[in-house]
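Chain by chain, the residues run as shown.
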Amino acid sequence: MAEQTHKVIIVGGGITGLSAAYYLQKQAIEQGLEIEITLVEAAHRLGGKIQTLHKDGFVIERGPDSFVSRKNSIQQLAKELGIEDRLVQSAPGKTYVAVENQLYSIPAGTVMGVPTNFGSFLTSGITSWFGKARALGDFALPISTTLEDQPLGKFLRRRFGNELVENLIEPLFSGVFAGDIDRLSLKATFPELLETEQQHRSLIRGLKKNQVSDYRAFNTEKKGMFQTFTGGLETLVRTLEKELENCTILKGVKVEKLEQHNGRAKLQLNNGSTIAADGVILALPHSALPTLFDPLGLLKGLKDMPSTSIATVSIAFPEGAVAPDKDFMGFVVARNSDFTITACSAAHLKWPSLTPPGKIVYRSFIGRVGDEAVVELSDKEIVKAVLEDLHKLLDIQAEPEFTVVSRMKEAMPQYVVGHEERIALAKKELHEALPMVQIAGGSFEGFGLPACVDQGKAAASQLIEQFTAESFSREETPL
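Definitions and limits used
Residues numbered from 1 in each chain as written. Predicted model: local features only at pLDDT ≥ 70, side-chain atom pairs only at ≥ 80, totals over all residues. Heavy atoms only, no water. Helix = DSSP H or I, 4+ residues; strand = E, 2+ residues; numbered from the N terminus. Rg over C-alpha atoms; globule rule 2.2 N^0.38 Å. Contact = heavy atoms within 4.5 Å. Areas by Shrake-Rupley, 256 points an atom, 1.4 Å probe, with all protein chains shown as cover. Axes fitted to C-alpha atoms, helices over the stretch in contact; angles between N-to-C directions. Parallel < 35°, antiparallel > 145°, perpendicular 65-115°, else oblique. Left-handed = near helix turned anticlockwise from the far one by under 90°. Nonpolar A, V, L, I, M, F, W, Y, C, P; charged D, E, K, R; others polar. Pairing = 2+ DSSP bridges. Expected span 1.5 Å × (residues − 1). Buried < 20%, exposed > 50% of the residue type's maximum accessible area, 1.4 Å probe, protein only. Patch = residues over 30% accessible without salt bridge, like charges linked within 9 Å, V, L, I, M, F, W, Y side chains within 5 Å. Salt bridge = Lys/Arg side-chain N within 4 Å of Asp/Glu carboxyl O.

A. Highlighting the overall build of the protein chain. Helix and strand content of the protein chain: 15 helices and 20 strands. Its C-alpha atoms give the protein chain a radius of gyration of 24 Å, near enough to 23 Å, the size a compact globule of 479 residues would have. C-alpha extents for the protein chain along the principal axes are approximately 80 × 55 × 40 Å. Taking as baseline every contact in the protein chain between residues at least 6 positions apart, the subset at least 24 positions apart corresponds to 75%. Element-wise, carbon and sulfur atoms account for 50% of the exposed surface of the protein chain, whose accessible area totals about 20900 Å².

B. Representation of the packing of helix H2 (residues 73–81) against helix H10 (residues 234–243) within the structure. It is the contact of H2 with H10, at a shortest axis distance of 11 Å, that shows an interaxial angle of 50°. Considering their axes alone, H2 and H10 lie oblique with respect to each other. Handedness of the H2/H10 crossing: left-handed. Of the residues in H10, those in contact with Ile74, Leu77 and Leu81 of H2 are Leu236, Thr239, Leu240 and Glu243. Split into classes, the residues belonging to the contact of H2 with H10 amount to five nonpolar, one polar and one charged.

C. Structural context of the sheet that holds strand E6 (residues 87–89). Read from one edge to the other, the open sheet built from three strands follows the order E5-E9-E6, with strand pairing classed as antiparallel. What marks the edges here is a single partner per strand, and that holds for strand E5 (67–68) and E6. The pairing of E5 with strand E9 (residues 226–229) spans two bridges and is classified as antiparallel. If you follow Phe67 over to E9, its bridge partner there is Gln227. Sitting on the sheet, H2 touches E5, E6 and E9, and the angle it makes with E9 is about 25°.

D. Broad picture of helix H13 (residues 379–394). Its 16 residues give H13 an end-to-end C-alpha distance of 22 Å, which sits within 8% of 22 Å, the value for a rise of 1.5 Å per residue. The set of residues buried in H13 consists of Ile382, Val383, Ala385, Val386, Leu387, Asp389, Leu390, Leu393 and Leu394. Residues of H13 that are buried make contact with strand E8 (102–105), strand E15 (307–318), strand E16 (328–333), strand E17 (341–346), strand E18 (359–366) and strand E19 (402–413). Positive backbone phi, at 55°, marks Asp395, one or two positions downstream of H13.

E. Representation of the pairing of E15. In terms of burial, E15 is a largely internal element, 11 of the 12 residues being buried. Where E15 lies against E18, eight bridges are found, and the strand directions are antiparallel. Across the sheet, Ser314 pairs through a bridge with Arg363, a residue of E18.

F. Structural detail: a nonpolar patch on the surface. Nonpolar side chains collect at one region of the surface, where Phe118, Leu122 and Trp129 lie side by side and expose about 330 Å² of accessible area between them. Looking at the secondary structure, you find Phe118 in helix H3 (residues 118–122). A relative accessible area of 37% places Phe118 in the partly exposed class.

G. Structural context of the sheet that holds strand E11 (residues 255–261). As summarised here, the arrangement of the three strands in space is E11-E12-E13, forming an open sheet in which the pairing is antiparallel. Lying at the two open borders of the sheet, with one neighbouring strand each, are E11 and strand E13 (274–277). In this sheet, adjacent strand axes meet at a mean angle of 20° when their direction is disregarded. Here strand E12 (residues 264–269) pairs with E13 via four bridges, running antiparallel. Across the sheet, residue Ala265 finds its bridge partner in E13, namely Ala277.

H. Region of the structure containing the environment of Ala398. By the element assignment, Ala398 lies in the loop between H13 and E19. Overall, Ala398 belongs to the partly exposed group, its relative accessible area being 22%. Once residues lying within four places of it in the same chain are set aside, the contact partners of Ala398 are Phe317, Pro318 and Ala321.

This is how it looks when you write it as structure tokens:
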């Protein structure tokens, strides 16, 4: 019996789609399966949010600039791709928080704002003595009476009071999720908090003992908390694209319609062609799915999932424009501060090998839930606002050599309360109606780069299992 050739369409050429294509190609070879893979990307380039700019010797990231090193998904992928030697570790340095227009060093031992080092926390000026006393009330409070999902902010305010949450915890979470902690899902963003409380009652005591949450510790003072590649994150994108030698890649092509026909998926493209497939992986943001699923009456629940728009602003200066501080990695901003910036990193200190000698560069973020209009301002207005903030905090003594503004519209999916149940229901609904179609990516089960790689790999593995089972079924069927 001739081996059947399975046709797979991957829609979306970001890191999730690229990972899915790579692992599908790799596992097909290992399993001896014949699979034709077509990757369809609406833009004229691959990489999605990953976009690296090389300018005057600088390596500037327009989107994410790194990944958390303690999750080894990308390190393993880099090893398989033969670019492990091009990984670069972040340099150590302190992170600060701007509270009422003053910078405070984040206390040592902080786990996403939860203090576990009493000496460092008590001597910090980040909260008043009343705020400290209220936060330490965590030792006496009982555990939550419900295990149901709830707003992250509600849970944390109950444990530590408003002051610590607003001055330290919220700025750190906002820096990661660009969201409103009073809407974000506890289970979808930091489930270890509820688990730790149930086990130890006190979060402070539990997080101090619990190594499960160690990777969440906001400890930029240790070398290598983050990693990237020489040449920037697009190194990974370009290497993956080259590796997909058995994959047809269509750039500048958009899927306009999705149907089911005789047990297969049929995709209509905007170039007038139609492709039939045995398997489809939609590596798209949730906001792009209604176009495909509304005509089918599917996945309507995902419309309730919001997204936030943000922008990054990279500003280069000559060395000496700012008083040197070798411990300064960057800062996040509390909402009670009068700043446009929500977070900023000293990229020349974080990634010294990616900045030319004699130069410095600050990479700032703007935009958050409730303050997204700022992203719509002109480049000139955005740069002016960011420079005003930097002048207040860093005492800059020179004019910028250049600026780079990058907008990411609706780029940050918000995992609001009920997120896990919402995604599980959507996947169940999709499996029942279109079992050959999967959804994967940052909108669903983690939007960090390692989580996106994991989701792409998992989607590929699921298709491999499906095709393998079908092959066994045919072999066992009598002729």
